[in-house]
Each structure stands twice: as C-alpha cells, then as structure tokens.
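Structural features, examined
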Amino acid sequence: MAVPVAFFALFFAYPVTAIVGRGLKAEGDWQFGRIGEVLSRPDILDVLWFTTWQALASTALTLLIALPGAYVFARFDFPGKQVLRAVVTVPFVLPTVVVGTAFLALLGRGGLLDELWGVRLDTTVWAILLAHVFFNYAVVVRTVGGLWSQLDPRQEEAARVLGAGRFAAFRRVTLPALAPAVAAAALMVFLFTFTSFGVVQILGGPAYSTLEVEIYRQTAQLLDLPTAAVLTLVQFAAVGGILAVHAATVRRRERALKLVDPAHTSRRPRGAGQWALLGGVLLTALLLILLPLGVLVERSFDGPGGYGFGYYEALQSVGAGGSSTFLVPPLEAVGNSLRYALVATLIALVIGGLAAAALTRRAGRLVRGFDALLMLPLGVSAVTVGFGFLITLDKPPLDLRTSWILVPLAQALVGVPFVVRTMLPVLRAVDDRLREAAAVLGASPLRAWREVDLPLVRRAVLVAAGFAFAVSLGEFGATVFIARPDNPTLPVAVARLLGRSGELNYGQAMALSTILMLVCAVSLLLLERIRTDRSGEF
C-alpha cells in the first residue's frame, strides 16, 4: 500500500488540499464563514439545483433507454452480438469533448437536424440529457446485463409454472435479484453526470452550468478561488456520499446472489415480441450511438469546396486560414496524446496493480478506506486537481510545472480506478494455495507473484491497460490547465478549436474529434477481443 498511498497523497490530496486552502484562508486564518456566504448566493444555488436536477434526469432517462438493451444482451443470442457489444461501449471510453462535438454536429447550428427540419437543440437541456444517455448507455448495459446473463432463468420459469404471470414473475423473482446491480449502475451514471464538464461546456452554452463547469469558470476566468474552493468541497462531499452508497450496494450484491454460467442463459429470440424488442434495441443503438458518430465523421469531410480531406490537411499547418489558435500544427496533438497516454497507462498499471494486490491480501476498515480513496479521482473536480498541480508542484524538489510528466501524472489519477476495478476480482479469484505451494517449493514472494499470479491475471492486466489508455487519452478537465501551448493534447486542441469562430476551426475540430474517436474505438475493439466474459462490470 505504501507506493499507491504516497502517489495519491502527493499528486491528489496535496494539490486538492492546497487549492481549497488558498480559497478558504485569508492572512493565515481559515475563513469558514465563506462557505455560508457562497452557498447563499442565488447564482450558486441555481448551479447546485441544475447539477442535481440534470444528473437525476440523465440517470432516469439512461435507465429507461438502456435496461431493454441490458435484457437483450443478457438473454438473446444473435449474429453480431459481440460487435454490437463493443459498439455500444465505445461512447463510454470516448472523451467528453468528442461526445459534445458529435452532438454539436447533430443538434447544433448547421447540424443534421438544423439542415433537415430547421431544429436546433444545442444550448438546451435536451442536448445535455441525450449526450449523457449516449455516454452512459454502456454503463447500464454492461453492469446490469452482465449480472442478468448470470441469473438462472429457471427461477422465473418456476414462478410461471406456479401461476404467476410474466410481469408478476419478473417483479417478484428477477427484479429483486437485479435491484443491487440497477442501483449500482444508477449511482455510477449519477456520479458521471453530476460531475459532467466537457458535455455541458460544449452543449450547454452560458445558460447551463454544472458544479464542474462553474468551478472551471470561477478558477480560470474569474480567478475567484474562494468560490471555487467552496464548490470543490460541496462536490467532494457529494461524491464521497455517492461512492459510499455504491460500495455498500456492490457488497450487498456480492453476498446475496448465486450465479450460473452466462453461456447457459442466452438463446435466439422467439416470437414476434422478442424479435420486436431486439429490433427496438438495434434501432436505439443506431439512432443514439451510430448516428451522432456518423454525423461527426461526415462533417469532418464536408469542406467549403465539397467533400474531401481539406480539414485534415489543414491540421498539418500553423495558422491555417488566418487562425492563431496553436503555436504548433494541430496534428501534433495526436502524437502528444499518444505519448502522454502511454506513459499514464504505465503509471496507472504500476500504482493500480500494487493497490489491487494490497486490497487482495489484506482486509479491515483501513483497507476499505483505501479502496474508497482510489475511486475519488473519478468524482473530485479534475479542474481543481489541474489547477492544484500548477500552484503546488512549482518548487524544488518537485518543480514539475514546466515538465512534460505533469500531464501523464494527472491522467494516471483517472486511470488507476479502472485498473483496480479490473484487476481486483481476478486477483481475489486466485487460489491462495497456489501461492503457498510456490513458497513451500522455495519461491520468494516476488517469484511466486511472477510464476503464479501474473500468468493468471495477464489478460486482466491487458484489459486494465486498455481502459487506462482510453480514459487517459480523453482526460480533459485537468489537462486543460497543465498542457503547454506548444504541446496540446487532442481534447484540449478540440476545445480550443471549438472556442474560436470560423468554418475552418469548426471543421478542424470535427477532424481532430474523428481521429480521437477512431483511436479510442480501436483501443476498445482490441480490449474486447482479450476481455474475459466472467465479469459483468467494467
């Protein structure tokens, strides 16, 4: 536990504490009265209300649309099922900037809806809600569907034999068993939408602001650190409560359920109703997932002179079309992002692997607290972390403010939770007697790990590396503060292009977003080929 604890203390707790301290201190004294002052402001109350309201609405809408998909993936066997599973998972690993850009191309000015029917939904709450459903659809399908596929269907069939109708059997037998998984998925969707940044920043406009967006505005634009510090504490408390409830829900599910092999529960659809349900899920995937991504790709080729590679060619030069958005050609952001993501993945594997090993070997309140700590970077404001890096890591011996390593360190903070969550179930499944046998035969702990654990968890390590690489590639909240102007990452480059007017800048943003989407999709498809089918969670 020593190395992960030191890593999180230095690169997470220290920057967050420092930025909050600067906001709540005046002349060396804590000013806790500022908390009440900030939270009583009408504009801040509006932000808190909208953040909570849109997260609840996004969660409810995601469950409504995704639960039929979870049932289809759990119970039906049909051609192309594995490919479709990978397709619906692509949005989850896409950067939020790409998601916002895709829906901007579909719903915004000059978008597909605007061209066909003169309808624009950007700068409306509906664009935000639909983008959140797009982003979190896979969370429900993979979490609930994975468990659903392992529930023994004979229990529901027995209820039918005893006289229960189809709905009554589902309500009394299947739904109680699924409730913990549904609750866990709902909590994760609520967490991701409660802390939404890139989607709201691009689609919401000035009228809508979540806590994360407001923290960014107060920090980067208004330089109002007291307000940003209070909002960070509010978000921290909310995320801590959500994660505590989520952990309790997961433990309840692990203790209460008896599962079967998923291969024995799926079959081809039967009857018109089941085929209609499958068709509805396929249509939902087409309209909700493939259409926005397809429009994004189409817009990247639709130049002023017709379809071509003009926007992609413009990425190779500085100041194309009179733009001074970058100090280097925007295309260099591709190489920067790949290098940063590879280094961040390596760091996340080392830190996350050690943390997973520690959680496997030990138990108790201290370790459970450590487990919760590992999840905090997913919910704590990435904007706060990024700005905290700038004001804390600027003195020897950790003067990293001008160092390239700062970006991978911030990205690794987001990747570590995915590594831990992927490796932990597999490590816990390794029989301790194998390690004991290796020790009896004279193997040192290191050699026992190399000869026993590593071969068994090699596939989980590859899956964890794939997730860490994808989320590192798309990290935006912290990177927007610490990426140097001459070394931008892909998400930062897309945001800069969208922030400037002009058709060329818009087209280049679509082209860069398409490149970023393809890199993430390829990473996920490779991950899908090596993943195990034994886990129902990410």
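Below is a short write-up of the structure. Quick caveat: nothing in here was measured; it's all calculated off a predicted structure.

Some words on the overall build of the chain
From N to C terminus, the chain includes 23 helices and six strands. At 24 Å, the chain has a C-alpha radius of gyration in line with the 24 Å of a compact globule built from 538 residues. By its C-alpha atoms, the chain is 70 × 65 × 45 Å across when sized along the principal axes. Here the analysis covers contacts within the chain between residues at least 6 apart in sequence; of these, 79% occur between residues at least 24 apart. Of the roughly 24,000 Å² of accessible surface on the chain, a fraction of 63% belongs to carbon and sulfur atoms.

Thoughts on the packing of aromatic side chains
Taken as a whole and assessed by the stated rule, the structure comprises 18 aromatic pairs. Taken together, a centroid distance of 5.5 Å and an interplanar angle of 25 degrees make the contact between F197 and F476 stacked. Placement of F197 in the loop between helix 9 (166-194) and helix 10 (198-203) and of F476 in the loop between helix 20 (445-474) and helix 21 (479-482) is noted, with a sequence separation of 279 residues between them. Of the two residues, F197 and F476, neither departs from the other in class, the shared state being buried. Here the aromatic residues F7, F8, F11, F12 and F389 are joined through ring pairs into a cluster of three or more.

Focus on the pattern of salt bridges
Inspection of every chain in the model, using the stated rule, returns five salt bridges. Among the salt bridges present, the one from E115 reaches R299, with a minimum N-O distance of 3.3 Å. Here R299 lies in helix 13 (residues 271-301) and E115 lies in helix 6 (residues 112-117), a separation of 184 residues in the sequence. Residues joined in a network through salt bridges with shared partners are E115, E298 and R299.

A look at the nonpolar core
By size, the foremost hydrophobic cluster in this structure holds 168 residues, and its most contacted members are F7, L94, F389 and L512. Here this core takes 16 residues from helix 7 (residues 125-148), the largest share from any one element. The contact partners of F389, leaving out residues within four places of it in the chain, are F11, P15, L406, L409, A410, L413 and I482.

Let's talk about a nonpolar patch on the surface
A cluster of nonpolar side chains, contributed by L283, L286, L287, L290 and L291, occupies part of the molecular surface with about 430 Å² of accessible area. Structurally, L290 is set in helix 13. The partly exposed category is assigned to L290, whose relative accessible area is 41%.

Observations regarding a positive patch on the surface
Judged by side-chain charge, R160, R166, R267 and R270 come together as a positively charged surface patch. Following the sequence through the fold, R166 ends up in helix 9. Accessibility expressed as a relative area gives 56% for R166, which makes it exposed.

What about helix 17 (residues 382-392)?
The element helix 17 is extensively covered by neighbouring structure, given that 10 of its 11 residues are classed as buried. For helix 17, every residue scored as buried is listed here: A382, V383, T384, V385, G386, F387, G388, F389, I391 and T392.

Some remarks on the side chain of Q508
Its location among the elements puts Q508 in helix 23 (residues 503-530). Apart from residues no more than four positions distant in its own chain, Q508 is found in contact with Y311, A314, L315, P330 and L497.

A closer look at the packing of helix 3 (residues 42-75) against helix 9
Between helix 3 and helix 9, whose axes approach to 8 Å, the crossing angle comes to 135 degrees. Relative to helix 9, the element helix 3 lies oblique. As for the relative orientation of helix 3 and helix 9, their crossing is right-handed in sense. On helix 9, the residues that touch T51, T52, Q54, A55, L56, S58, T59, T62, L63 and L67 of helix 3 are V182, A186, V189, F190, T193 and F194.

Conventions adopted
Residues numbered from 1 in each chain as written. Predicted model: local features only at pLDDT ≥ 70, side-chain atom pairs only at ≥ 80, totals over all residues. Heavy atoms only, no water. Helix = DSSP H or I, 4+ residues; strand = E, 2+ residues; numbered from the N terminus. Rg over C-alpha atoms; globule rule 2.2 N^0.38 Å. Contact = heavy atoms within 4.5 Å. Areas by Shrake-Rupley, 256 points an atom, 1.4 Å probe, with all protein chains shown as cover. Phe/Tyr/Trp six-rings, centres within 6.5 Å; stacked < 30°, edge-to-face > 60°. Buried < 20%, exposed > 50% of the residue type's maximum accessible area, 1.4 Å probe, protein only. Salt bridge = Lys/Arg side-chain N within 4 Å of Asp/Glu carboxyl O. Core = buried A, V, L, I, M, F, W, Y, C linked by side-chain atoms within 4.5 Å. Patch = residues over 30% accessible without salt bridge, like charges linked within 9 Å, V, L, I, M, F, W, Y side chains within 5 Å. Lys, Arg positive; Asp, Glu negative; His and termini not counted. Charge placed at Lys NZ, Arg CZ, Asp CG, Glu CD. Axes fitted to C-alpha atoms, helices over the stretch in contact; angles between N-to-C directions. Parallel < 35°, antiparallel > 145°, perpendicular 65-115°, else oblique. Left-handed = near helix turned anticlockwise from the far one by under 90°.

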